[in-house]
Amino acid sequence: LQALDLPAETLGAYRTLSLPGITVSVQEMVDGLRDIAGEATVQKIEWEHDPFIQRIVGSWPSLFNTVRATELGFVADESIKSIIQSFIDDDL
(Lines give C-alpha, C1' and ligand atoms only; values in the text may rest on other atoms or scores of the structure.)
Protein backbone atom coordinates (compact mmCIF):
# COMPACT_ATOMS: atom_id res chain seq x y z
CA LEU A 1 0.00 0.00 0.00
CA GLN A 2 2.90 2.33 0.72
CA ALA A 3 4.21 1.91 -2.84
CA LEU A 4 0.76 2.42 -4.34
CA ASP A 5 0.70 6.04 -3.23
CA LEU A 6 4.21 6.89 -4.44
CA PRO A 7 4.37 9.03 -7.58
CA ALA A 8 6.27 7.30 -10.39
CA GLU A 9 8.81 10.13 -10.54
CA THR A 10 9.71 9.48 -6.90
CA LEU A 11 10.99 6.04 -7.85
CA GLY A 12 12.61 7.12 -11.10
CA ALA A 13 14.07 4.52 -13.44
CA TYR A 14 15.35 2.34 -10.59
CA ARG A 15 12.18 0.80 -9.13
CA THR A 16 13.64 -1.98 -7.03
CA LEU A 17 13.74 -1.47 -3.26
CA SER A 18 15.21 -3.50 -0.44
CA LEU A 19 12.55 -3.12 2.20
CA PRO A 20 13.40 -2.65 5.87
CA GLY A 21 12.95 -5.74 7.99
CA ILE A 22 13.97 -7.41 11.20
CA THR A 23 16.55 -10.07 11.95
CA VAL A 24 15.49 -13.05 14.04
CA SER A 25 16.78 -16.53 14.66
CA VAL A 26 14.72 -19.65 14.13
CA GLN A 27 14.56 -19.98 17.92
CA GLU A 28 13.13 -16.46 18.20
CA MET A 29 10.53 -17.37 15.58
CA VAL A 30 9.54 -20.47 17.54
CA ASP A 31 9.44 -18.53 20.82
CA GLY A 32 7.22 -15.89 19.21
CA LEU A 33 4.94 -18.57 17.83
CA ARG A 34 4.74 -20.17 21.28
CA ASP A 35 3.83 -16.83 22.88
CA ILE A 36 1.12 -16.12 20.31
CA ALA A 37 -0.30 -19.55 19.45
CA GLY A 38 0.72 -21.78 22.37
CA GLU A 39 2.85 -24.83 23.01
CA ALA A 40 0.47 -27.18 21.16
CA THR A 41 1.12 -25.25 17.95
CA VAL A 42 4.89 -25.31 18.47
CA GLN A 43 4.73 -29.08 19.00
CA LYS A 44 3.47 -29.43 15.41
CA ILE A 45 6.84 -28.25 14.06
CA GLU A 46 8.74 -31.05 12.37
CA TRP A 47 12.47 -30.40 12.68
CA GLU A 48 14.25 -31.76 9.63
CA HIS A 49 17.58 -30.62 8.23
CA ASP A 50 17.40 -29.97 4.50
CA PRO A 51 20.78 -29.28 2.84
CA PHE A 52 19.06 -27.87 -0.27
CA ILE A 53 17.16 -25.26 1.76
CA GLN A 54 20.25 -24.55 3.85
CA ARG A 55 22.23 -23.72 0.68
CA ILE A 56 19.49 -21.34 -0.47
CA VAL A 57 19.18 -19.55 2.86
CA GLY A 58 22.94 -19.58 3.36
CA SER A 59 23.37 -17.65 0.11
CA TRP A 60 21.21 -14.75 1.27
CA PRO A 61 23.03 -11.58 2.34
CA SER A 62 22.90 -10.87 6.06
CA LEU A 63 22.63 -7.08 5.69
CA PHE A 64 20.65 -4.91 3.30
CA ASN A 65 20.87 -1.21 2.56
CA THR A 66 17.31 -0.03 3.08
CA VAL A 67 17.96 3.73 3.27
CA ARG A 68 16.09 4.50 0.04
CA ALA A 69 13.02 2.53 1.12
CA THR A 70 13.06 4.13 4.57
CA GLU A 71 13.29 7.60 2.98
CA LEU A 72 10.21 6.69 0.92
CA GLY A 73 8.25 5.88 4.09
CA PHE A 74 8.59 2.10 4.30
CA VAL A 75 9.07 0.77 7.83
CA ALA A 76 10.15 -2.55 9.27
CA ASP A 77 7.76 -4.77 11.17
CA GLU A 78 7.87 -4.23 14.91
CA SER A 79 8.76 -7.78 15.95
CA ILE A 80 8.40 -11.44 15.03
CA LYS A 81 5.35 -11.55 17.29
CA SER A 82 3.69 -8.74 15.34
CA ILE A 83 4.40 -10.60 12.08
CA ILE A 84 2.88 -13.82 13.44
CA GLN A 85 -0.15 -11.99 14.80
CA SER A 86 -0.68 -10.16 11.50
CA PHE A 87 -0.58 -13.46 9.62
CA ILE A 88 -3.16 -14.94 12.00
CA ASP A 89 -5.39 -11.88 11.75
CA ASP A 90 -5.15 -11.50 7.98
CA ASP A 91 -4.82 -15.05 6.67
CA LEU A 92 -6.25 -17.53 9.14
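Thresholds applied
- Residues numbered from 1 in each chain as written.
- Predicted model: local features only at pLDDT ≥ 70, side-chain atom pairs only at ≥ 80, totals over all residues.
- Heavy atoms only, no water.
- Helix = DSSP H or I, 4+ residues; strand = E, 2+ residues; numbered from the N terminus.
- Rg over C-alpha atoms; globule rule 2.2 N^0.38 Å.
- Contact = heavy atoms within 4.5 Å.
- Salt bridge = Lys/Arg side-chain N within 4 Å of Asp/Glu carboxyl O.
- Core = buried A, V, L, I, M, F, W, Y, C linked by side-chain atoms within 4.5 Å.
- Buried < 20%, exposed > 50% of the residue type's maximum accessible area, 1.4 Å probe, protein only.

**Thoughts on the overall build of the protein chain**
(1) Moving on: Regarding its fold elements, the protein chain presents 6 helices and 0 strands.
(2) Moving on: Ordered by position in the sequence, the α and β elements of the protein chain form the string α-α-α-α-α-α.
(3) Moving on: Computed over the C-alpha atoms, the radius of gyration of the protein chain is 17 Å, more than 25% above the 12 Å expected from 2.2 N^0.38 for a compact globule of 92 residues.
(4) Moving on: Principal-axis analysis of the C-alpha atoms places the extent of the protein chain at approximately 50 × 30 × 20 Å.

**Some points on the environment of Met-29**
(1) Moving on: With respect to the helices and strands, the residue Met-29 is situated in helix α2 (residues 26-37).
(2) Moving on: Separated by 27 residues in the primary sequence, Met-29 and Ile-56 place their C-alpha atoms 19 Å from one another.
(3) Moving on: Once residues lying within four places of it in the same chain are set aside, the contact partners of Met-29 are Val-24, Ile-80 and Ile-84.

**Observations concerning the pattern of salt bridges**
(1) Moving on: Summed over all chains, the structure comprises 3 salt bridges.
(2) Moving on: Beyond isolated ion pairs, a larger network of salt bridges with shared partners links Asp-31, Arg-34 and Glu-39.

**Details of the nonpolar core**
(1) Moving on: The biggest cluster of nonpolar side chains holds 5 residues, and these are Leu-6, Leu-11, Ala-69, Leu-72 and Phe-74.
(2) Moving on: Residues within four places of Leu-72 in sequence aside, it is in contact with Gln-2, Leu-6, Thr-10, Leu-11 and Leu-17.

**Here we look at the environment of Ser-86**
(1) Moving on: Along the chain, Ser-86 turns up in helix α6 (residues 80-91).
(2) Moving on: On the basis of relative accessibility, which here comes to 37%, the residue Ser-86 falls in the partly exposed class.
(3) Moving on: Each C-alpha atom of the pair Ser-86 and Leu-72 lies 23 Å from the other, and the pair is 14 residues apart in sequence.

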